[in-house]
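One letter stands for each residue in the lines below.
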There are 2 protein chains.
Amino acid sequence: MNYDRTYNFSAGPAMMPEAVLEEIAAEVLNYRGSGMSVMEMSHRSKEFQQIRDEAEADLRKLMNIPDNYKVLFVQGGGTVQFAMVAMNLMKNGLGCYVETGAWSKKAIAEAKKFGEVKIVASSKDKNFSYVPDCSDLDIPENADYVYICENETINGTTYFKLPNTKGKPLVTDQSSMFLSRPCNVADYGLIWAGVQKNVGPAGMAVVIIREDLIRDDLPSSVPTYMSYKTHADADSLYNTPNCWAIYCCGKVFKYLLAQGGLEAMNRRNEEKAAILYDFLDQSKFFTGAVRKQDRSLMNVPFVTPSKEQDAAVVAASKAAGFDNLKGHKSVGGLRASIYNAMPREGVEALVDFLKKYESEQN
Amino acid sequence: MNYDRTYNFSAGPAMMPEAVLEEIAAEVLNYRGSGMSVMEMSHRSKEFQQIRDEAEADLRKLMNIPDNYKVLFVQGGGTVQFAMVAMNLMKNGLGCYVETGAWSKKAIAEAKKFGEVKIVASSKDKNFSYVPDCSDLDIPENADYVYICENETINGTTYFKLPNTKGKPLVTDQSSMFLSRPCNVADYGLIWAGVQKNVGPAGMAVVIIREDLIRDDLPSSVPTYMSYKTHADADSLYNTPNCWAIYCCGKVFKYLLAQGGLEAMNRRNEEKAAILYDFLDQSKFFTGAVRKQDRSLMNVPFVTPSKEQDAAVVAASKAAGFDNLKGHKSVGGLRASIYNAMPREGVEALVDFLKKYESEQN
């Protein structure tokens, strides 16, 4: 590291692996002797086709994606996916949703535009500080799918056990945990993730969809872009995709494979999160906001005894070189997002800072 | 130039100014001492807010955009704009379209999903090789807007005189001519442009919309992302935007201002296009495909006497270091896209090559 790199605890866009950024910097002006930047390449060129194909192949390898799943690269982030999921999968007009916080609520609000939504479980009663029991949900026979936000970025919860969907396809928003741990793709009907949290630059979502869920009988009122079939039939090249994001994410996929894949990332993420949670558990000043068994390894919200002190810690942390520790405006407090690319040293430095801060409170 | 830069005649994504790429390369790892890449920055951070605000301010300056127009940065490219225009502007359910080639046809097909489309003029009779007379169109009283593709990328035509819309808002797709020449924004109700042709990396469209056309009474079935109001109310930060594209385009806006703005670009583009058109006009082997008065300054389609010879020229040009001269599969022949960032030397080199090629045909 030949320059000062900030420990950036942003919930997203967030840190990328330094080794990947160095590769990108070296290729900005001239991609492998092509005489052009990837930003200048026709998306129909052989060079870009190879970049795209390798990105998909590497992601398939990383996640061990079965052949009957398509991998799509779609623009528009979560806001577009909230709509696409409902517009494409609500064949009977009924989606079941588990309400666990800010992002599942957004998904629910958008789905209501396109059909009926049944909330089959919720943790609203305790300010979304836990994941509800989903072992015996009341799923109607005509339900099209069961939707979860598998890691609530703002509220800091995660599922360690997937819901029993009673045979209905499970749809998951993995945005803030994508590629942070192994995932059995066959457990899902559809996985989507905005890439700007745990993978690469903003402007793209990855969608992994079981082929039988790709419909060719959508109402004609569905915009062409909003049909999964549009993207699936054209290998995500129906129109010009976010080529730069595909290129950068592809590099991150290769990097993760070289690091030992998702098992290795999970081990590291467990270790990193434990450093922070162990500190919070023994602290008399800072308190974790989430029930222990549901704590996210990626997003760690915590509070001090008062809002004023929350703000004071945020200000002091910024002055000490830690960025983006303020909790989301909707919940307050503090939040450390410690995605794949946050080095262990960053978490250790944060805990050292918090310890020192606490010791100075008396 | 300390490396071999390819003369890339791609229709898009396409060349970016070398000076801009050099600036980007220097900042990839550490944006102005922030300790992070722009790709890693929270879109809610002060640093990124400044990048966004400057990009908008510079674009307003470049195009002299009146205060009663909003500037939006939207993901999803033309495919999303085709739908958004119709979904947002079809208040009475009727859009008038001028059919001039591949991209206006796409816009028409998409608009039909959301209302009635009336084709008020067409150049289909002559294979879209000209722009029809639009001085006295039959625009119904209840028409919501008149839509044109102001520069047909594939067919190589451009409007030098805007249609008389009989008082209805003019909506234009400027993707392949955006910022290539001065433009009186007040002549339009809405201007949109995918940025990947004449500005920056793929994955974003710029939308310039007159405020009175932003509706707050859209049917609830319109996806949140597809409402112009969503983006206008949040200054394009309703959700995480394509931050990288905003950053890169912002740099191009600054570069264009430093070059003398759109008047200067227009002069250069006229000169560059004249070099190529003058050659085609005197050639006995190559023939321009478009009526003289409607020729695009950006996309120059031309043919040889046969398809076989078209293919032979494309192969020879590639071998000689010119990239992407093959015409679009839907029209064949050859096409040179010579956007803002194509240096004059690139066009001169291409003409030298074509001259030599022609001389060797006897």
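Cut-offs applied
Residues numbered from 1 in each chain as written. Chains lettered and ligands numbered in written order. Predicted model: local features only at pLDDT ≥ 70, side-chain atom pairs only at ≥ 80, totals over all residues. Heavy atoms only, no water. Helix = DSSP H or I, 4+ residues; strand = E, 2+ residues; numbered from the N terminus. Buried < 20%, exposed > 50% of the residue type's maximum accessible area, 1.4 Å probe, protein only. Contact = heavy atoms within 4.5 Å. Core = buried A, V, L, I, M, F, W, Y, C linked by side-chain atoms within 4.5 Å. Least-squares fit on C-alpha atoms with pLDDT ≥ 70 in both. Domains from an automatic or database assignment. Buried area = accessible area lost by both parts, 1.4 Å probe. Salt bridge = Lys/Arg side-chain N within 4 Å of Asp/Glu carboxyl O. Polar contact = N/O pair within 3.5 Å; in protein donor to acceptor, adjacent residues only side chain to side chain. Nonpolar A, V, L, I, M, F, W, Y, C, P; charged D, E, K, R; others polar. Pairing = 2+ DSSP bridges. Axes fitted to C-alpha atoms, helices over the stretch in contact; angles between N-to-C directions. Expected span 1.5 Å × (residues − 1).

Points about the side chain of Asp58(A)
Residue and element names in this part refer to chain A.
Here comes step 1: Looking at where Asp-58 falls in the secondary structure, it is placed in helix H2 (residues 46-63).
Here comes step 2: A relative accessible area of 10% means that Asp-58 is categorised as buried.
Here comes step 3: The residues touching Asp-58, leaving out its near neighbours within four places in the chain, are Phe-253, Lys-254 and Leu-257.

Notes on the nonpolar core
Here comes step 1: Counting 124 residues, the largest nonpolar core has Met63(A) and Met63(B) as its most contacted members.
Here comes step 2: One finds Val74(A), Trp192(A), Val207(A) and Ala232(A) within the second-largest nonpolar core, a separate group that totals 64 residues.

Description of the relation of the copies chain A and chain B
Here comes step 1: After a rotation of 180 degrees and a shift along the axis of 0.0 Å, chain A superposes on chain B with an RMSD of 0.0 Å. Accordingly, the operation relating the two chain copies is best matched by a two-fold axis.

Examining unusual backbone geometry
For residues that are not glycine, phi is negative in most cases, and the peptide bond is trans in most cases.
Here comes step 1: Here the amide bond leading from Gly12(A) into Pro13(A) is cis, since omega sits at -10 degrees, within 30 degrees of zero.
Here comes step 2: Looking at where Pro13(A) falls in the secondary structure, it is placed in the loop between strand E1 (7-8) and helix H1 (18-27).
Here comes step 3: Phi at Phe128(B) is positive, roughly 60 degrees, even though this residue is not glycine.
Here comes step 4: Locating Phe128(B) in the fold gives a position in the loop between strand E4 (116-122) and strand E5 (145-149).
Here comes step 5: Phi at Asp235(B) takes a positive value of approximately 50 degrees, unusual for a residue other than glycine.
Here comes step 6: Mapped onto the secondary structure, Asp235(B) falls in the loop between helix H5 (228-233) and helix H6 (243-258).
Here comes step 7: Overall, Asp235(B) belongs to the partly exposed group, its relative accessible area being 38%.

Quick look at the domain arrangement of chain A
Residue and element names in this part refer to chain A.
Here comes step 1: Each assigned domain of chain A is listed here: domain 1 (20-258) and domain 2 (261-359).
Here comes step 2: Just the C-alpha atoms count here: the centres of domain 1 and domain 2 sit 27 Å apart.
Here comes step 3: Facing 25 residues of domain 1, the contacting portion of domain 2 comprises 22 residues.
Here comes step 4: Of the roughly 2000 Å² buried where domain 1 meets domain 2, counting both sides, 56% is carbon and sulfur surface.
Here comes step 5: Counting the contacts that link domain 1 with domain 2 gives zero salt bridges.
Here comes step 6: The interface formed by domain 1 and domain 2 includes 13 residue pairs in polar contact (both at pLDDT 80 or more).
Here comes step 7: Residues belonging to the side of domain 1 that touches domain 2 are distributed by class as follows: twelve nonpolar, ten polar and three charged.

Overview of the sheet that holds strand E9 (residues 190-194) of chain A
Residue and element names in this part refer to chain A.
Here comes step 1: As summarised here, the arrangement of the seven strands in space is E2-E10-E9-E8-E5-E3-E4, forming an open sheet in which the pairing is mixed. The sheet terminates laterally at strand E2 (69-74) and strand E4 (116-122), the two strands that pair on one side only. Taking each pair of neighbouring strands and ignoring which way they run, the sheet shows an average axis angle of 20 degrees.
Here comes step 2: In this sheet, strand E8 (residues 170-173) lies alongside strand E5 (residues 145-149) in parallel orientation, the contact comprising four bridges. Its bridge partner lying in E8, Ile-148 is registered against Thr-172.

Side note on the side chain of Thr6(A)
Here comes step 1: Mapped onto the secondary structure, Thr6(A) falls in the segment before E1.
Here comes step 2: The buried category is assigned to Thr6(A), whose relative accessible area is 17%.
Here comes step 3: Of note is the side chain of Thr6(A), whose polar atom sits 2.8 Å from the backbone oxygen of Ser34(B).
Here comes step 4: Once you skip the residues sitting within four places of it in the chain, Thr6(A) turns out to touch Met15(A), Gly321(A), Asp323(A), Ser34(B), Gly35(B) and Met36(B).

Focus on helix H2 (residues 46-63) of chain B
Residues and elements named next belong to chain B.
Here comes step 1: With 18 residues, H2 should cover 26 Å at 1.5 Å per step; its first-to-last C-alpha distance of 26 Å lies within 8% of that length.
Here comes step 2: In the core, the buried residues of H2 are packed alongside strand E2 (69-74), strand E9 (190-194), strand E10 (205-210), H6 and helix H7 (261-282).
Here comes step 3: Looking one or two places after H2, you find Asn-64, whose phi comes out positive at around 55 degrees.

Quick notes on the pattern of salt bridges
Here comes step 1: In total, this model carries 48 salt bridges over all chains according to the counting rule given.
Here comes step 2: Note that Lys251(A) and Glu23(A) form a salt bridge whose closest N and O atoms lie 2.8 Å from each other. Of this pair, Lys251(A) sits in helix H6 (residues 243-258) while Glu23(A) sits in helix H1, and the two are 228 residues apart along the sequence.
Here comes step 3: Across the salt bridge formed by Arg52(B) and Asp53(B), the nearest N and O atoms sit 3.2 Å from each other.

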